Every structure is written in structure tokens, then in C-alpha cells.
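Fold and contact review
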Amino acid sequence: MSSLISLTQAQPVADWRSAMGDLVTQAKDLCAALALTPEALGWSDEAMQAFPLRVPRAFVARMRVGDAKDPLLLQVLAGAQEMQTSDGFSADPTGETGTANPHPGILHKYSGRVLLIVTGSCAIHCRYCFRRHFPYADNQNSRSEWPAALAYIANDSSISEVILSGGDPLVAGDSQLAELVSLIGAIGHVRRLRVHTRLPIVIPSRVTQGLLEALRHPRLQSVMVVHSNHANEIDDEVAEAFSRLRTAGITLFNQSVLLKGVNDSADALVALSERLFAAGALPYYLHQLDRVQGAAHFEVSAEHSRALQREIAARLPGYLVPQLVQDVAGAPSKMPLTH
Ligand SMILES: *Cc1c(COP(=O)(O)O)cnc(C)c1O
Ligand code: SF4
């Protein structure tokens, strides 16, 4: 089938659902897919028990065969370093429990916008994830909890933007999302709907006609922030998914996490920005790693991060330079990484 046909026809839901279920969860299956020996790959069963290995084959397909240092592979492989404890790394580095979590399923840290946790599930497990220890069981926000979460938003007229997050909110089905969007749209003071998701990167077939219709609302402006860390993640199928989102009137941004061994070079960051723009998305944030337990081996020093930022700023037009930020517990916004 040509890509032209897949662009103009709604894809059957079974496509993305089956891609979601077509998973690699065993390290030995990664070895087989990438033609690597167990010695070359190296992993920790203990780390995999703490946070399971989970990566769709659609994403594995973009890893380089035979390369144990592949930047996509390193994002999902559970290594022994994860079991080391490191000073300053905690289970809740961004202060998401307590006052920022006023209601199950709601995170309200910043003025004017709230984050609504649609589901705790993700299509992929990223080893650096700052929510890997988040108490999702208390924040399931199943359909039955929506009315109370939406009442919280309706009762605070300072909230003009609702951010669907997770987990990955696009793990939810189109009809569930359509219902949620219409409930949010019924709150008069909400003007913008934002979706933070990695699914258009991991499984681009998730961007179905049904999804675009679910996110459409006559009154709300729509923004999507996708999450990609490396240019190799963005193949032609991802670019086609971006194009469908943009054609539907959705403003598209990307956020990345600066990760040692994955994208901690000016070349990698420049290539990512260039590739994103070619595919139709603007770089938004480049996050300094949140200091979550088990992710210390990904940390890039603040000094090196700033040096990388200066180098990419010298090589790219200003609109392709993401803001280098840090999530500081208790701060009124994401904080620029300053000296
Ligand atoms: C990061 C975040 C946001 C979004 O911040 P922006 O600067 O608007 O992108 C909103 N709420 C919470 C709880 C966040 O962690
Ligand atoms: S929340 Fe985002 S970063 Fe964390 S595991 Fe899910 S997709 Fe990955």
C-alpha cells in the first residue's frame, strides 16, 4: 500500500491497538531483534522487575542492528546502574505528591494550567522517566473519577489550559478521549487543550482520523507536545503522523530530555531540531534530567548542558533552539537552567 493511501484513509483502530500489543518485554528478544549477544547487550533482571522492559516492535525497528550503544536502545534497556542509589536522586524529584496533587488525577503546580492524568499506562517504558515511581494506582482517573476532577477545573476560573498527560493519554481510546474533550470544552474558562504524548513517535499509526476528531472542539485551541529525544526516532511514518496532526489544526511542539549517551552532543541535538522541523514540529523544551532514583547514569552535568545549549544556539536559527529547563519542586514554572 502506498503511503498516499494511508494518508487519505482513516486507518482501522486495530492497527494501532495491535502495534501497542506487539511488544518486546524480554531482553533476550531484544538480542534477537538487534543481532546482539547477551554479553554485548547487558541488562539487569532486577531493574526489569522494578520497572518492566516494555518497547513496541514498531520502535525497535528504528534501532540500529548490531549496535549496543544505539540511542533508541539505551532509552529502554534496563541496566544494572539503575539499582545503584545516588545522592540527590529520589522517588518524587519534581514534587508531584502533596499540594501539587490536590485531587486524584490532577496536578496543579503552575498558574493557569492543570495537568490531568488520563491513564497511568504508556506504550513504552523509558528508563529515565521521572514518573517511574509515581503512585499511579492512586491517580488512575478512570471514567468514574472524571466528574470530580472536572469539577476541580470548573471551580477555578484561573485555569485556561488543560493538559492531558499520563502515563500517555493517547493510550486511551478515541471515544473516551472524545468524551473527555467535550466535558473539558463545556467549561467556559478553559480556552486551550494540550496533549503531552510520546505515542505519535512510538506508534505513529495512533494518529487516526478518529483521534483527530476526538481532539477537535469548536471552541478550544489544540496544542500537542510530542516527546522525542533523537532524530532516529522520527522516520517517514512519524513525519506523516505529524502532518495529519497539523492538517487538523493542532500546533505541534516537541520536548526532549537531555540524556547522557543518547543525545548529549551538539551534533545529536542539532540533528534532532532539524529533523523535527522538517517533519513539522518545533522544539519546545530540552529538559535537564529530573533526579529520579535509577536514572543517575543518564545525567549530564549542568555545566555541560549549558555548553551544549550555547553550541546549538550558535549553529541553529533561534526558532530551532529549545529552551533548556529544569523542573524545580515548588517553582512557579519550569526554570531555565542558569548558572
Ligand atoms: C511541565 C508542567 C506543566 C506545563 O508547563 P509549561 O511551561 O506550560 O509547558 C504544567 N503542569 C505541570 C504540573 C507540569 O509539570
Ligand atoms: S510517561 Fe513518558 S517518559 Fe515516562 S515512560 Fe511514559 S512515555 Fe516514557
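In the block above lies the structure referred to throughout.
Source: prediction; values computed, not measured. Residue indices follow the written sequence of each chain, beginning from 1 at its first position. Written order decides the labels, with chains lettered from A and ligands numbered from 1. Local features in this predicted model are restricted to residues whose pLDDT is 70 or higher, and side-chain atom pairs enter the listing and the counts only when it is 80 or higher, whereas totals over whole chains, interfaces and linings include all residues. With hydrogens and water set aside, each side-chain value is computed from the structure's full complement of heavy atoms.

Digging into the site of ligand 2
The cut-off we apply is this: We call a residue near a given molecule or strand whenever any one of its heavy atoms falls within 4 Å of it. Only protein atoms enter the 1 Å grid, on which a cavity is a set of points fitting a 1.4 Å probe that cannot get out and a pocket is an open set with protein on both sides within 12 Å along at least 5 of 7 lines, lining residues being those with an atom within 4 Å of a point. Just a note on the criterion: a molecule sits in a pocket or cavity if more than half of its atoms are within 2 Å of the grid points. Each residue receives one of three labels: charged for Asp, Glu, Lys and Arg, nonpolar for Ala, Val, Leu, Ile, Met, Phe, Trp, Tyr, Cys and Pro, and polar for the others, Gly being one of them.
Every residue lining ligand 2 is accounted for by Cys 122, Ile 124, Cys 126, Cys 129, Gly 167, Arg 198 and His 227. The cavity where ligand 2 resides is the largest pocket. Each residue belonging to the shell around ligand 2 can be placed in one class, and the counts come to four nonpolar, two polar and one charged.

Points about the packing of helix 12 (residues 236-247) against helix 13 (residues 266-279)
Here is the rule: Whenever a helix is involved, its axis is fitted only over the stretch in contact; in every case the axis is a line through C-alpha atoms, and angles between N-to-C directions fall within 0 to 180 degrees. Each helix is a run of DSSP H or I of at least 4 residues and each strand a run of E of at least 2, with the numbering of both proceeding from the N terminus. The cut-offs work like this: below 35 degrees is roughly parallel, past 145 is roughly antiparallel, 65 to 115 is roughly perpendicular, and the gaps in between are oblique. Contacts were defined at the residue level, with two residues in contact if any of their heavy atoms lie within 4.5 Å.
Look at helix 12 against helix 13: their axes get within 9 Å of each other, and the N-to-C directions meet at 50°. Viewed along their axes, helix 12 and helix 13 adopt a mutual orientation that is oblique. Contacts between helix 12 and helix 13 involve Asp 236, Ala 239 and Phe 242 from the former and Arg 275, Leu 276 and Ala 279 from the latter. The residue inventory of the contact of helix 12 with helix 13, partitioned by class, reads four nonpolar, no polar and two charged.

Description of unusual backbone geometry
It is generally the case that most residues other than glycine have a negative phi and that most peptide bonds are trans. Between Gly 166 and Gly 167 the backbone carries a cis peptide bond, its omega angle lying at 15°. Although it is not a glycine, Ala 35 adopts a positive phi angle of roughly 55°. On the secondary structure map, Ala 35 appears in the loop between helix 3 (27-34) and helix 4 (38-41).

With respect to the sheet that holds strand 8 (residues 251-257)
To keep it simple, the criterion reads: A pair of strands is considered paired only if DSSP assigns at least 2 bridges between the two.
With mixed pairing, nine strands are arranged side by side in an open sheet as 3-4-5-6-7-8-9-10-11. Unpaired on one side and paired on the other, strand 3 (106-110) and strand 11 (335-336) mark the two borders of the sheet. Inspection of the sheet shows strand 5 (residues 161-165) paired to strand 6 (residues 192-197) by four bridges, in the parallel sense. Bridge pairing in strand 6 links Val 162 to Leu 193. Strands in contact with helix 9 (residues 174-185) are strand 4 (113-117), strand 5 and strand 6; relative to strand 5, the strand with the most contacts, it is inclined by about 160°.

Structural notes on the site of ligand 1
To keep it simple, the criterion reads: Two N or O atoms form a polar contact when they lie within 3.5 Å of each other; inside protein one atom must be a possible hydrogen donor and the other a possible acceptor, and for residues adjacent in sequence the pair counts only when both atoms belong to side chains. Per-residue and other accessible areas follow the Shrake-Rupley method at a 1.4 Å probe size, with only the shown protein chains counted as cover for residues.
Around ligand 1 sit Leu 107, Lys 109, Tyr 110, Arg 113, Leu 115, Ile 163, Arg 194, Tyr 284, Tyr 285 and Lys 334, and those are all the residues in its vicinity. Measuring from an oxygen atom of ligand 1, one finds a side-chain N or O atom of Arg 194 at 2.7 Å. Computed on the free molecule, ligand 1 has an accessible area of 390 Å², of which 93% lies beneath the protein chains in the complex. Among the detected pockets, ligand 1 sits in the largest pocket. Secondary structure elements with two or more residues in the shell around ligand 1: strand 3, strand 4 and strand 9 (282-287). Here the shell around ligand 1 is built from residues that sort into six nonpolar, no polar and four charged.

A word on the packing of aromatic side chains
To keep things clear, this is the line we draw: Two rings belonging to Phe, Tyr or Trp (six-membered ring only in the last case) form a pair when the distance between their centres is within 6.5 Å. Interplanar angles under 30 degrees mark stacking, angles over 60 mark edge-to-face geometry, and anything in between is tilted. Each residue is assigned to one of three classes by its accessible area relative to the maximum for its type, calculated with a 1.4 Å probe on protein chains only: buried under 20%, partly exposed between the two thresholds, exposed over 50%. Counting as a charge over the ring demands two things of the Lys NZ or Arg CZ atom: a distance within 6 Å of the ring centre and an angle within 35 degrees of the ring normal.
Tallying each qualifying case throughout the model produces four aromatic pairs. Taking the centre distance of 5.5 Å and the plane angle of 55° together, the rings of Phe 277 and Tyr 319 count as tilted. One end of the pair, Phe 277, is in helix 13; the other, Tyr 319, is in the loop between helix 14 (302-315) and strand 10 (323-326), with 42 residues separating them in the sequence. On the basis of an interplanar angle of 25° and a centroid distance of 4.0 Å, the ring pair of Tyr 284 and Tyr 285 is categorised as stacked. A residue is classified by how much of its surface remains accessible, and Tyr 285, at 13% relative accessible area, is buried. Grouped by ring-pair contacts, the aromatic residues Phe 253, Tyr 284 and Tyr 285 constitute a single cluster. Taking the ring centre of Trp 16 as reference, the NZ or CZ of Arg 206 above it sits at 3.8 Å.

What about the layout of surface pockets?
Short version of the rule: Grid points are joined across faces, edges and corners, and a volume is the space filled by probe spheres set on the points.
As a volume, the largest pocket reaches approximately 950 Å³. Those elements giving two or more residues to the lining of the largest pocket turn out to be strand 3, strand 4, strand 5, strand 6, helix 10 (199-202), strand 7 (221-227), strand 8 and strand 9. If one sorts the elements of the lining of the largest pocket by residue count, strand 3 sits on top with four residues. Approximately 310 Å³ is the volume attributed to the second largest pocket. Around the second largest pocket, the lining comprises 16 residues; the ones closest to its centre are Lys 69, Leu 74, Leu 77, Gln 81 and His 297. Looking at side-chain class alone, the lining of the second largest pocket contains nine nonpolar, five polar and two charged residues.

Examining the pairing of strand 7
By the criterion of burial, strand 7 is predominantly enclosed, with six of the seven residues buried. Where strand 6 meets strand 7, six bridges bridge the pair, whose relative direction is parallel. Each bridged residue has a counterpart across the sheet, and for Arg 192 the counterpart in strand 7 is Gln 221. Summarising the sheet, strand 7 and strand 8 pair through five bridges and their orientation is parallel. Residue pairing across strands places His 227 opposite Gln 255, the latter belonging to strand 8.

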